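A closer look at the structure
These are the residues of each chain, in order.
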Amino acid sequence: MALFNFGKKKEKDSNCCGGNCDAESIAKAKSTKIEGAFVKVLGTGCTKCNQLEKATKEALQQLSMDTTIDHITDFSQIASYGVMTTPALVIDGKVVSYGKVLKTEEVVGILKKARE
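A brief look at the structure comes next.

Rules and cut-offs
Residues numbered from 1 in each chain as written. Predicted model: local features only at pLDDT ≥ 70, side-chain atom pairs only at ≥ 80, totals over all residues. Heavy atoms only, no water. Core = buried A, V, L, I, M, F, W, Y, C linked by side-chain atoms within 4.5 Å. Buried < 20%, exposed > 50% of the residue type's maximum accessible area, 1.4 Å probe, protein only. Helix = DSSP H or I, 4+ residues; strand = E, 2+ residues; numbered from the N terminus. Contact = heavy atoms within 4.5 Å. Axes fitted to C-alpha atoms, helices over the stretch in contact; angles between N-to-C directions. Parallel < 35°, antiparallel > 145°, perpendicular 65-115°, else oblique. Left-handed = near helix turned anticlockwise from the far one by under 90°. Nonpolar A, V, L, I, M, F, W, Y, C, P; charged D, E, K, R; others polar.

Take the nonpolar core next. Formed by V39, V41, L52, A59, L60, I69, L89, I91, L102, V107, V108 and L111, the largest nonpolar core amounts to twelve residues. Broken down by secondary-structure element, the contributors of at least two residues to this core are β1 (39–42), α2 (47–62), β3 (88–91) and α4 (104–114). When residues no more than four places from it in sequence are discounted, the contact partners of V107 are T56, A59, L89 and L102. Grouped together as the second largest cluster of nonpolar side chains are seven residues, I72, V83, A88 and V90 included.

Given below as structure tokens:
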């Protein structure tokens, strides 16, 4: 059966973009993922992404926390988080929500849980 490569495991490409990124953009995406603000909104700048950013700012204000939010629009940086559906919310480097617009109350709950 080895004649037709049956039984052999196929290697998966571990790159987020299927190998189309150069080394510089991958390094930049990884450093952005590790460093920077503790709250990030991932999205292309569409209406839903902006709604999530607004709800997150309101939640941060309710909790008397720093309202600085990074809005990441670069696809290679978004993909470095493993997110393929935006908008997404990242807190302390972890994706806590993706693919939907959270309400302010939902973000407050997530932020409280993240800070415990």
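With respect to the secondary-structure elements, K57 resides in helix α2. Its relative accessible area of 37% is what places K57 among the partly exposed residues. For the pair K57 and V108, spaced 51 residues apart in the sequence, the C-alpha separation amounts to 10.0 Å. Residues in contact with K57, not counting those within four places in the same chain, are T67 and I69.

This next bit is on the packing of α2 against α4. Packing of α2 against α4 brings their axes to within 8 Å, and their N-to-C directions diverge by 55°. When the axis of α2 is compared with that of α4, the two are oblique. In this structure, the crossing between α2 and α4 has a hand that is right-handed. Facing α2, whose interface residues are A55, T56, E58, A59, L60 and Q62, α4 presents T104, V107, V108 and L111. Considering only residue class, the contact of α2 with α4 consists of six nonpolar, three polar and one charged.

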